[in-house]
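Each chain is listed here by its residues.
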Amino acid sequence: MDQYVHFLQHREPNVISILGLRGTGKTILARKVHDMYGQYDPDCSRTAYWISLGDDQSSKKVLESILVSIAPNVPGVENVSSWEQGSILGMIIRRLNNTRFLLVFDDVRSESLMSDIGDIVRCNCYAGSAILLVTSIPQVAATSCNPQNIFDFNDFPEQHKESLINFFLERAVSLVANSQQNDLLEVLKSILTRCAPSIFTMKMLLRCLFVNPNRNIEELRDLNNSLQPSSALNANSILNFCYRSLPSHYRNCLAYLAISPRNHTFRRTSLTTRWLAEGLISRTDVTSASEEPSDVANRCFDALCNHRFLLPAGDFTGTSFWGRFKSCTVHGIVRDFLSTIMEDEGVVDEDLFPDMAKRISIQNEFLHACRDRSLVESLATHPGLHLINVLDLEGCSGFQAKDLKVICTRARHLTYLSLRDTGIYHLPKQIQELHNLQTLDIRQTNVRVLNVVFPRLKYLLAGKEAPSGESFSTVKMPDISFMTDMEVLYHVEISSQDDGLIDLGRLRRLRKLGVVFNRGRVDLMKFLLSQIQMLESCLRSLSIRIIEGATGSEAENSGSGYSLIDSHMLSPPRLLQTLNIRGARGGLPRWMTELHQLAKITLRETYLTEDALRMLGSLRGLQCLRFLRKALTEGTIIFRDSEFKKLVDLSLEGSYLSTVIFDNGTAPKLERVAFKVPSVASLHGIQHLPSLKELEFIGNLCEEHIVKKAIAEHSNHPHYTYLDIDIKGS
């Protein structure tokens, strides 16, 4: 690793290539170089940028990606696709002048790339600047840089290859159930020898053994016989071996990703909902009476992640408290394998995939066109529009209400429609033509009224939050009296008892509910809670948000003095797992103590006191607790003995704190503590947390030396991160 980083130091701006077969670890190496860039010379300002190239590697598209990466906050950059190519290049050069930078391009397939953007390395930048290309095509490397600047992974020393095989063999043996069989060991070594030096292929084998450690030797011998020594085709054989072991509905869900754009990122919630909308998972796949198809979809997502068919997008900050990836991407090798699977007649369920390729292709055309107004207009009249069931327009800034009118009249079979983060401010009356609609996502839009009844709607997602987080607006509660299949209603504003509130208790499949109250109408809270009582056997997630609104006599006469602490429920939702409260002042409701499955609580602008902290400490199932901006009023926070017995994850953000104390005997299972606060005068009791694995502090910690000493002496040797930076407080 050091030789690569040192190679970049003190050199004139240059182009370097990492060349090798797909799956050999080129991208891993490039990512480490990217992450370490500048560490050898910390006093110099060095910035590294990572750019993953997609299917379109035209010079203009690449320049757009560079500009978005190096200058994401430049005014108008969200419409960069409409800029002239020369203007984009000029802006890039101005941004990189008098800087020291590393631009890393992953998965380069265009031989003309450097001739198109070569002016970048000739800008007035400092020595040590470079462009690093990652490619599997020898001609790309040869035409992009000097031969001495090519690091060729294909020249893999034999002794390194042997070490790699032994490294993976040791792990493979630890995974299989009958590891004492000599024949099994020989077969495993033979498989790994044929796969080497492809790290991707060997990792896929380990994952396959991890998921099913009871593979019999006949299966592994058949796999070994299908492999060729050090062949690039071995990846497909390993992938097929893993693919065939999946249940049929998992295979269909995976095949659905075949025609997705290269390097496209999928959100878990969006992808699982799309699977359901396409009918790839149905009620026949449910295995118990308490399970819903959405649970099966999430289990499928997790299984595909376990097999490494899906990879986490970004870093592990994209992992939820439950250990689930929030978003994912598909490795290029997997994507190409899935494309061949889709072409192989009989591999996927033909009854589920009529016209699937056409439908996904149209969806992807919208994804590519989302920032180009002229393309959006042409796609709205696409001749195959009537075929699609799913239309995801998230981020399509060129999309307008008139386009939606056309789509609603021509794509009446839609079951999934996402308008998230588009320019839509109202829904046209033609949307009532979508009789089969099951999912409507209008988050980050200006839609405030939904005067349409969708009898089959299951998921309604709404709400727009300002980037600062200071303001929030959402759609008014729609008429839900005939939408009894609803499973997710998140977030809707309630301003009167007539706003469908009386029908809420009839939604006996509702799992996730998010409601917004104007502070002048919090008296409606008691009516809400009376309806929630009727959902006690189904509701798993609840968000209550109170926003500023009515003032003067309107606020005074509308029960603004009603407090959540005064609320009462005879039958609280006993299955509730997550609770999010924002803006409800005066304390926490007493019925929370009856929620024994409540595992995650997020609080903001609640101004809680010592009494509320004691209540939280008594919750027997609480595993994750997040105190966000203005959640607390006390300057001194004490976590007392015998409290928080199951707490695993604790976050404190935004509030001014003078002292935080962990008493001996508190939170015995706490593994992670994260602070993001302006300052803390003292932090005591780290040594009293026997399970601590990670402590992160962003802000000013006045007695940091005491904390460092406690960390150094801790038996777990927890990972400690401290960033002394200014944090805006409250």
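I will try to describe carefully the structure that is included in this document. (Residues numbered from 1 in each chain as written. Predicted model: local features only at pLDDT ≥ 70, side-chain atom pairs only at ≥ 80, totals over all residues. Heavy atoms only, no water.)

**A closer look at the overall build of the protein**
Alright, step 1. Tallying secondary structure elements over the protein gives 22 helices and 27 strands in all.
Alright, step 2. Counting every position in the protein, which comprises 730 residues, the buried fraction comes to 53%.
Alright, step 3. Of the contacts formed within the protein by residues at least 6 apart in sequence, a portion of 62% connects residues at least 24 apart.
Alright, step 4. With an accessible surface of roughly 32000 Å², the protein has 48% of that area assigned to carbon and sulfur atoms. (Helix = DSSP H or I, 4+ residues; strand = E, 2+ residues; numbered from the N terminus. Buried < 20%, exposed > 50% of the residue type's maximum accessible area, 1.4 Å probe, protein only. Contact = heavy atoms within 4.5 Å. Areas by Shrake-Rupley, 256 points an atom, 1.4 Å probe, with all protein chains shown as cover.)

**Quick notes on helix 14 (residues 293–306)**
Alright, step 1. Taking 1.5 Å per residue as the helical rise, helix 14 with its 14 residues ought to reach 20 Å, and the 20 Å between its terminal C-alpha atoms agrees with that figure.
Alright, step 2. Of the positions making up helix 14, those classed as buried are Pro293, Ser294, Val296, Ala297, Asn298, Cys300, Phe301, Ala303, Leu304 and Cys305.
Alright, step 3. Those residues of helix 14 that are buried lie in contact with helix 12 (248–255), helix 13 (268–277), strand 8 (327–329) and strand 12 (459–461). (Expected span 1.5 Å × (residues − 1).)

**As for the sheet that holds strand 7 (residues 311–312)**
Alright, step 1. Strands sit in the order 6-8-7 across an open sheet of 3 strands; the sheet is antiparallel. The strands lining the two open edges of the sheet, one partner per strand, are strand 6 (265–267) and strand 7.
Alright, step 2. Sheet topology note: the strand 6/strand 8 ladder contains 3 bridges and is antiparallel. If you follow phenylalanine 266 over to strand 8, its bridge partner there is cysteine 328.
Alright, step 3. Contacts between helix 13 and the sheet are confined to strand 6 and strand 8, with strand 6 contributing the most and set at about 80° to the helix. (Pairing = 2+ DSSP bridges. Axes fitted to C-alpha atoms, helices over the stretch in contact; angles between N-to-C directions.)

**Some thoughts on the environment of isoleucine 66**
Alright, step 1. Tracing the sequence through the fold places isoleucine 66 in helix 3 (residues 59–70).
Alright, step 2. By relative accessible area, isoleucine 66 is classed as buried at 0%.
Alright, step 3. For the pair isoleucine 66 and isoleucine 88, spaced 22 residues apart in the sequence, the C-alpha separation amounts to 9.1 Å.
Alright, step 4. With residues up to four places along the chain from it excluded, the contact list for isoleucine 66 reads Ile51, Ile92, Leu103, Phe105, Ile117 and Ile120.

**Some remarks on unusual backbone geometry**
For residues besides glycine, phi is generally negative; the peptide bonds are generally trans as well.
Alright, step 1. Following alanine 196, the chain continues to proline 197 via a peptide bond in cis, the omega torsion being 5°.
Alright, step 2. One can find proline 197 in the loop between helix 8 (182–195) and helix 9 (199–211).
Alright, step 3. Histidine 491 follows tyrosine 490 through a cis peptide bond whose omega is -10°.
Alright, step 4. Following the sequence through the fold, histidine 491 ends up in strand 16 (residues 488–494).
Alright, step 5. With a phi angle near 55°, aspartate 421 is a residue other than glycine that sits in the positive phi range.
Alright, step 6. The class for aspartate 421 is partly exposed, based on a relative accessible area of 45%.
Alright, step 7. The backbone phi angle of glutamine 444 is positive, close to 55°, even though this residue is not glycine.

**Looking at the sheet that holds strand 5 (residues 150–152)**
Alright, step 1. The 5 strands lie next to each other as 2-3-4-1-5, forming an open sheet whose pairing is parallel. Edge strands, defined here as strands with exactly one partner in the open sheet, are strand 2 (46–52) and strand 5. Mean inter-strand twist for the sheet, computed between neighbouring axes without regard to direction, equals 15°.
Alright, step 2. Strand direction decides the pairing type here: strand 1 (residues 14–19) and strand 4 (residues 130–135), joined by 6 bridges, are parallel. Counterpart to asparagine 14 in the pairing with strand 4 is alanine 130.

**What about the pattern of salt bridges?**
Alright, step 1. Taken as a whole, this structure holds 29 salt bridges when the rule is applied.
Alright, step 2. The shortest N-O distance in the salt bridge between aspartate 302 and arginine 268 comes to 2.6 Å. Remark: arginine 268 occurs in helix 13 and aspartate 302 occurs in helix 14; sequence separation between them is 34 residues.
Alright, step 3. Arginine 268 gets classed as buried once you look at its relative accessible area, which sits at 7%.
Alright, step 4. Arginine 506 serves as the salt-bridge partner of aspartate 503, at 3.8 Å between the closest nitrogen and oxygen.
Alright, step 5. Residue aspartate 503 is classed as buried on the basis of its relative accessible area of 16%.
Alright, step 6. The exposure class of arginine 506 is partly exposed, given its relative accessible area of 45%.
Alright, step 7. Within this structure, Glu465, Arg545, Arg582, Arg604, Glu605 and Arg629 form a network of salt bridges that share partners. (Salt bridge = Lys/Arg side-chain N within 4 Å of Asp/Glu carboxyl O.)

**Examining the packing of helix 8 against helix 9**
Alright, step 1. As a packed pair, helix 8 and helix 9 sit with axes 9 Å apart at the nearest point and diverge in direction by 150°. The pairing of helix 8 with helix 9 is recorded here as roughly antiparallel in orientation. Between helix 8 and helix 9, the contacting residues are Leu188, Ile191, Leu192 and Cys195 on the first element and Thr201, Met202, Leu205 and Leu209 on the second.
Alright, step 2. Within the contact of helix 8 with helix 9, the residues separate by chemical class into 7 nonpolar, 1 polar and no charged. (Parallel < 35°, antiparallel > 145°, perpendicular 65-115°, else oblique. Nonpolar A, V, L, I, M, F, W, Y, C, P; charged D, E, K, R; others polar.)

**Things to note about the side chain of threonine 445**
Alright, step 1. Tracing the chain through its elements places threonine 445 in the loop between strand 11 (439–441) and strand 12.
Alright, step 2. When its relative accessible area of 2% is taken as the criterion, threonine 445 is described as buried.
Alright, step 3. Engagement of the side chain of threonine 445 in a polar contact is seen with the backbone oxygen of isoleucine 442, the distance being 2.7 Å.
Alright, step 4. Excluding anything up to four places from it in sequence, threonine 445 contacts Leu419, Arg420, Asp421, Thr422, Ile424 and Lys464. (Polar contact = N/O pair within 3.5 Å; in protein donor to acceptor, adjacent residues only side chain to side chain.)

**Digging into the packing of aromatic side chains**
Alright, step 1. Applying the stated criterion across every chain yields a total of 6 aromatic pairs.
Alright, step 2. Ring geometry for phenylalanine 167 versus phenylalanine 168: centroids 5.4 Å apart, planes at 80°, classification edge-to-face.
Alright, step 3. Among the aromatic residues, those joined into a ring-pair cluster are Phe639, Phe644 and Phe662.
Alright, step 4. The aromatic ring of tryptophan 50 is capped on one face by arginine 31, whose charged end is 3.9 Å from the ring centroid.
Alright, step 5. Lying over the aromatic face of phenylalanine 472, arginine 545 brings its terminal NZ or CZ to 3.9 Å of the ring centre. (Phe/Tyr/Trp six-rings, centres within 6.5 Å; stacked < 30°, edge-to-face > 60°. Lys NZ or Arg CZ within 6 Å of the ring centre and 35° of its normal.)

**Here's the deal with the packing of helix 8 against helix 10 (residues 217–225)**
Alright, step 1. Contact geometry of helix 8 with helix 10 gives a least axis separation of 10 Å together with a crossing angle of 25°. Judged by the angle between their axes, helix 8 and helix 10 are roughly parallel. Helix-helix and strand crossings are classified by hand; for helix 8 and helix 10 the assignment is left-handed. Here Asp183, Leu184, Val187, Leu188, Ser190, Ile191 and Arg194 of helix 8 come into contact with helix 10, specifically with Ile217, Leu220, Arg221, Leu223 and Asn224.
Alright, step 2. Counted by class, the contact of helix 8 with helix 10 contains 7 nonpolar, 2 polar and 3 charged residues. (Left-handed = near helix turned anticlockwise from the far one by under 90°.)

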